Amino acid sequence: QVQLVESGGGLVQAGGSQRLSCAASGGTFRSYAMGWFRQTPGKERELVAGITSGGRTYYAESMKGRSTISRDNAKNTVYLQMNSLKPEDTAVYYCAARFLTISTMASDFGSWGQGTQVTVSS
């Protein structure tokens, strides 16, 4: 399975931007669909954005128009650019991988990073 390491979280003011990165190793990165999930205490992980192995993207309604997911297969890295951040975007953000296609279900993803905290202050 592919190993994933997220980076780029931190504290940002409302209205600001944050770019998360997820570096993959140990697998054929270009064969994986990649997803960014987020989770807050007491809630299930929700898919924020995803990108298939072929580059097709998916965005949750809550992040549509405010975020961009992209991948660099040469660097084995997937990115999530988030703009116009709101306090309700505060969460731990996780990178996840599954073979070829995106799913909105966290249980469909077999590889996970350790998560990175994003805190949006009002």
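Residues numbered from 1 in each chain as written. Predicted model: local features only at pLDDT ≥ 70, side-chain atom pairs only at ≥ 80, totals over all residues. Heavy atoms only, no water.

What to know about the overall build of the chain
Right, so step 1: Counting its regular elements, the chain contains 0 helices and 11 strands.
Right, so step 2: Here the chain has a C-alpha radius of gyration of 13 Å; the compact-globule value for 122 residues is 14 Å, and the two agree.
Right, so step 3: Burial status across the chain gives 43% buried among its 122 residues.
Right, so step 4: Restricting the contact set of the chain to residue pairs at least 6 apart, pairs at least 24 apart contribute 59%.
Right, so step 5: Accessible surface for the chain amounts to roughly 6,100 Å². Of this, 47% is attributable to carbon and sulfur atoms.
Right, so step 6: Separation between the mean location of the 12 positive side-chain charges and that of the 8 negative ones in the chain comes to 6 Å. (Helix = DSSP H or I, 4+ residues; strand = E, 2+ residues; numbered from the N terminus. Rg over C-alpha atoms; globule rule 2.2 N^0.38 Å. Buried < 20%, exposed > 50% of the residue type's maximum accessible area, 1.4 Å probe, protein only. Contact = heavy atoms within 4.5 Å. Areas by Shrake-Rupley, 256 points an atom, 1.4 Å probe, with all protein chains shown as cover. Lys, Arg positive; Asp, Glu negative; His and termini not counted. Charge placed at Lys NZ, Arg CZ, Asp CG, Glu CD.)

Some remarks on the nonpolar core
As a rule of thumb, nonpolar side chains are buried together in soluble globular proteins.
Right, so step 1: Formed by 26 residues in total, the largest nonpolar core has its most connected members in Met34, Trp36, Val78, Leu80 and Tyr93.
Right, so step 2: Elements represented by at least two residues in this core include exactly β3 (18–25), β4 (32–39), β5 (46–51), β8 (77–82), β9 (91–99) and β11 (116–121).
Right, so step 3: Sequence-distant contacts of Leu80, defined by excluding residues within four places in its chain, comprise Gln18, Arg19, Leu20, Trp36, Val48, Ala49, Ser67, Thr68, Ile69 and Tyr93. (Core = buried A, V, L, I, M, F, W, Y, C linked by side-chain atoms within 4.5 Å.)

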